[in-house]
Amino acid sequence: IALALMAATTLATALARAESARAEMEEPRPPEPWESKMPHIVLLASGAIGTGLRFNDPYRLPSPLGNTAETISRSSIYADIGFSAVFGRAMKGHHGASLQCSFALEGVSQAVLVPSYAYYRRWPEFALTVRAGPAVVVSPKATWGMQAAVGGTYFILGGIGVTAEAVGDLFYGTGTRDVPSAAYPMLSAQVGLTFAYEVMP
């Protein structure tokens, strides 16, 4: 009788433990903080220096890279200042808007404003940025075009990072005797610093 009671007690204990383990496995996992909080806001400010290649503009170029005016030429060195605000889930992709302001540092004085859509994705030490929008040349002569850019930032501190960006432009402006209205494609590269401030809900 004693052995039977011990066996029954052991079996009941084992069954109770199995039921408890099954209940724990079936219980839904509570969401992580970054999964349940929305929106997560990131404010970004950047400053960079860059230069590029202009593929179809024989005028106002400091450094032709060929023997004729139609060859590729280096554009002016420029400074770029940017501000962005993006929204999304922490540790996920963010969407928002940005405004870039570029100023020529040599040659003809020129200023360009680029309001654009912005995508931002951050990992612990690295961030990816993509933006695209219209480019408005405000001086020396008003014209417009399109700009798209993709870049990466390595954060040396929590909110301060070193950034590099590839930028593609297509501007419309004054043509030549043969082409009354010409399009001027351009490819640039710029490096600088990015400052990120995260606003948690």
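None of the values given here were measured: they were computed from a predicted structure.

A. Examining the overall build of the chain more closely. Per the secondary structure count, the chain includes 2 helices and 10 strands. Seen in sequence order, the chain has helices and strands lined up from the N terminus as α-α-β-β-β-β-β-β-β-β-β-β. A buried classification covers 30% of the 201 residues belonging to the chain. Residue pairs in contact within the chain that sit at least 24 positions apart in sequence constitute 53% of those at least 6 positions apart. Accessible area of the chain: about 12200 Å², with a carbon and sulfur share of 69%.

B. Quick peek at the pairing of strand 8 (residues 143–155). Direction of pairing for strand 7 (residues 126–139) relative to strand 8: antiparallel, over a ladder of 12 bridges. Residue pairing in the sheet places Ala 135 in a bridge with Gly 145 of strand 8. In this antiparallel pair of consecutive strands, strand 7 and strand 8, the connection spans 3 residues.

C. Structural view of the nonpolar core. One finds Val 42, Leu 44, Val 86, Ala 118, Tyr 120, Ala 127, Phe 155 and Ala 196 forming the largest nonpolar core, which totals 8 residues. Listing elements by their share of this core, those giving two or more residues are strand 1 (40–54) and strand 6 (111–122). Residues within four places of Tyr 120 in sequence aside, it is in contact with Val 42, Leu 44, Val 86, Lys 92, Gly 93, His 94, Ala 127, Leu 128, Thr 129, Phe 155 and Ala 196. Val 112, Val 114, Ala 135 and Phe 171 belong to the second largest nonpolar core, which has 5 residues in total.

D. Expanded view of the pattern of salt bridges. The final tally for this structure, using the stated rule, is 3 salt bridges. One salt bridge in this structure joins Arg 74 and Glu 106, with 2.8 Å as the shortest N-O distance. One end of the pair, Arg 74, is in strand 3 (residues 73–74); the other, Glu 106, is in the loop between strand 5 (93–104) and strand 6, with 32 residues separating them in the sequence. Residue class for Arg 74 comes out partly exposed when judged on its relative accessible area of 23%. When its relative accessible area of 25% is taken as the criterion, Glu 106 is described as partly exposed. Glu 165 is paired through a salt bridge with Arg 131; the nearest N and O atoms lie 3.1 Å apart. Highlighted residues: Glu 165 in strand 9 (residues 160–174) and Arg 131 in strand 7, separated in sequence by 34 residues.

E. Up close: a nonpolar patch on the surface. Taken together, the side chains of Tyr 154, Ile 156, Leu 157, Val 162, Leu 193 and Phe 195 make up a nonpolar region of the molecular surface, amounting to roughly 570 Å² of accessible area. Along the chain, Leu 157 falls in the loop between strand 8 and strand 9. When its relative accessible area of 53% is taken as the criterion, Leu 157 is described as exposed.

Rules and cut-offs
- Residues numbered from 1 in each chain as written.
- Predicted model: local features only at pLDDT ≥ 70, side-chain atom pairs only at ≥ 80, totals over all residues.
- Heavy atoms only, no water.
- Helix = DSSP H or I, 4+ residues; strand = E, 2+ residues; numbered from the N terminus.
- Buried < 20%, exposed > 50% of the residue type's maximum accessible area, 1.4 Å probe, protein only.
- Contact = heavy atoms within 4.5 Å.
- Areas by Shrake-Rupley, 256 points an atom, 1.4 Å probe, with all protein chains shown as cover.
- Pairing = 2+ DSSP bridges.
- Core = buried A, V, L, I, M, F, W, Y, C linked by side-chain atoms within 4.5 Å.
- Salt bridge = Lys/Arg side-chain N within 4 Å of Asp/Glu carboxyl O.
- Patch = residues over 30% accessible without salt bridge, like charges linked within 9 Å, V, L, I, M, F, W, Y side chains within 5 Å.

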